[in-house]
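# Structural description and commentary
So you can see what is in the structure, the chains are spelled out below.
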Amino acid sequence: MKKKVLSLLLCMTMAVGLFAACGGNSKKEESNKSGGDAKTESASGKTFALVPKSAGNPFNEKEAEGFQKAVQKLGGKAVVQYPESATADAQITVIQSLISQKVDSICVAANDENALAAALQEAKDAGIKVCSVDSAVAASSRAVHVNQAGTDEIGSALIQAVYDITGGEGQFAILSASSQATNQNAWISSMKSYMEKDSKYSKLELVEVAYGDDEAQKSTDQTQALLQKYPKLKVICSPTTVGISAAAKVLQDKKSSVKLTGLGLPSEMAAYIGNDDAHSCPYMFLWNPIDLGALGAYTSAALVTGSIKGNEGDTFKCDLGDYKVVKASDGGTEIILGAPFKFDPSNINEWKSVY
């Protein structure tokens, strides 16, 4: 992600006076491209808000931790406001509250891609910079989206894991979050696309996409229902941290032959990772949610200070590295944290104490 070309370009740009070094004031670039340093450009006195999907979700809490620490480094004020439930309506209430508080930016992980549009437009009309993180809002509702990894990178990793664990054939199911979760739907769509395009996956059968709504009990119930409905089931793929931990416990407690993969927190999944019959999950993937939250904060700051506008080709620097705004699959733009990381028996113990 750290690209020498971008660093050189930034230095050259600063040298000719288009931007100020270390937070000094200068004329804004007239073109659609912009660049700067989210850390050095002053964010002091600014208020940056994060609206996670829900409270009580360990991934969301780590994401919020990263967001708050980054804002603190920037000298700003962080406001993390959880919705009362994992619904769009609850997030709309939070967004309206933040508008009344006159925050400088709102970074939201959407429970519904389109349902937040009116509330976010109201925020933009009030001069608030809007970006999304983790789960995108509609392209027209944001300046830019902060993505964990490329959609197809995740889709490819997950369907390849299903192929590997099933031995290349048989039934599998997906245990997702909510049916409206933008990121979940995009990853599932990518998995299906790989299955359709590559004959390698022709012997795999996706029997159902179940929804646990990122609630532990509902995810547990859905896992049990899948086991009852599909006696020939081989693998459950759960691309949500709440779902995968709930499914892992069910499978391991029942000593089920059904295996599991997906996206999970190492701290929650360490007891379930293993290549033997005693463990339910041979391996899984994720990224660092602390870094994801931090990148959401740095992106918010870059928008507020004018370092970027969210246009394709915009660049900025922060403690995490050099970042470039790229075209997103939904027609908007995004900033990508990095590729998904594989957690397996060889490294899970190293990571379980980290997050």
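Notes on the structure in this doc start here. (Residues numbered from 1 in each chain as written. Predicted model: local features only at pLDDT ≥ 70, side-chain atom pairs only at ≥ 80, totals over all residues. Heavy atoms only, no water.)

## Concerning the overall build of the protein chain
The condition that has to hold: In this text, helices come from DSSP runs of H or I with a minimum length of four residues, and strands from runs of E with a minimum of two, each type numbered from the N-terminal end. For accessible areas, the Shrake-Rupley method is used with a probe of radius 1.4 Å. Any residue's cover is judged against the shown protein chains and nothing else.
Counting its regular elements, the protein chain contains 11 helices and 16 strands. About 15,100 Å² of surface is accessible on the protein chain, with carbon and sulfur atoms providing 48% of the total.

## As for the sheet that holds strand 7 (residues 170–176)
To keep things clear, this is the line we draw: The pairing criterion is simple: DSSP has to find at least two bridges between the two strands. Only the stretch in contact is used when fitting a helix axis, every axis being a line fitted to C-alpha atoms; angles between N-to-C directions are given from 0 to 180 degrees. Any pair of residues with heavy atoms lying within 4.5 Å of one another is described as a contacting pair.
With respect to topology, four strands assemble into an open sheet ordered 8-7-9-10, the strand pairing being parallel. A strand with exactly one partner marks an edge of an open sheet, and here the two such strands are strand 8 (204–211) and strand 10 (259–262). Strand-to-strand twist in this sheet, taken as the mean axis angle between neighbours without regard to direction, amounts to 25°. Alignment of strand 7 against strand 8, held across seven bridges, turns out to be parallel. When the bridges of strand 8 are listed, Ile174 appears paired with Val209. Sitting on the sheet, helix 6 (residues 182–197) is in contact with strand 7, strand 8 and strand 9 (233–238), with an inclination near 165° to strand 7.

## So, the packing of aromatic side chains
For any pair of aromatic rings, the description consists of the separation of the ring centres together with the inter-plane angle of the planes. Here is the rule: Two rings from Phe, Tyr or Trp (for Trp, the six-membered ring) form a pair when their centres sit within 6.5 Å of each other. Planes less than 30 degrees apart are called stacked, planes more than 60 degrees apart edge-to-face, and all others tilted. We call a residue buried when its accessible area falls under 20% of the maximum for its residue type, exposed when it is over 50%, and partly exposed in between, using a 1.4 Å probe and counting protein chains only.
This structure, assessed with the given rule, holds nine aromatic pairs. Summarising the aromatic geometry, the rings of Phe341 and Trp351 are spaced 5.5 Å apart at their centres and angled 55° between planes, so their arrangement reads as tilted. Here the residue Phe341 occupies a position in strand 16 (residues 341–343), and Trp351 occupies one in helix 11 (residues 348–351), the gap between them amounting to 10 residues. Phe341 gets classed as partly exposed once you look at its relative accessible area, which sits at 36%.

## What to know about the pattern of salt bridges
Quick note on the threshold: The working definition used for a salt bridge is a side-chain nitrogen of Lys or Arg within 4 Å of a carboxyl oxygen of Asp or Glu.
Applying the stated criterion across every chain yields a total of seven salt bridges. Note that Lys62 and Glu65 form a salt bridge whose closest N and O atoms lie 3.5 Å from each other. Taken together, the residues span about one helical turn, with Lys62 and Glu65 both in helix 2 (residues 58–74) at a distance of three residues. A relative accessible area of 26% means that Lys62 is categorised as partly exposed.

## Looking at helix 6
Think of an α-helix as turning once every 3.6 residues; residues three or four places apart then point the same way. Heads up, the rule is: Any helix carries an expected span of 1.5 Å times its number of residues minus one.
In this model, helix 6 (16 residues) spans 22 Å end to end at C-alpha, consistent with the 22 Å of a helix rising 1.5 Å per residue. For helix 6, the full list of buried residues reads Thr182, Asn183, Gln184, Trp187, Ile188, Ser190, Met191 and Met195. At its buried positions, helix 6 is contacted by helix 5 (151–166), strand 7, strand 8 and strand 9.

## Details of the pairing of strand 10
As a reminder, the rule being used: Call a crossover right-handed when, viewed with both strands pointing away from you, the route from the first strand across the helix to the second goes clockwise.
Taking every second residue as pointing to the same face, both faces of strand 10 are buried, with Lys259 and Thr261 on one and Leu260 and Gly262 on the other. Viewed along the sheet, the connection from strand 9 through helix 8 (residues 241–253) into strand 10 turns out right-handed.

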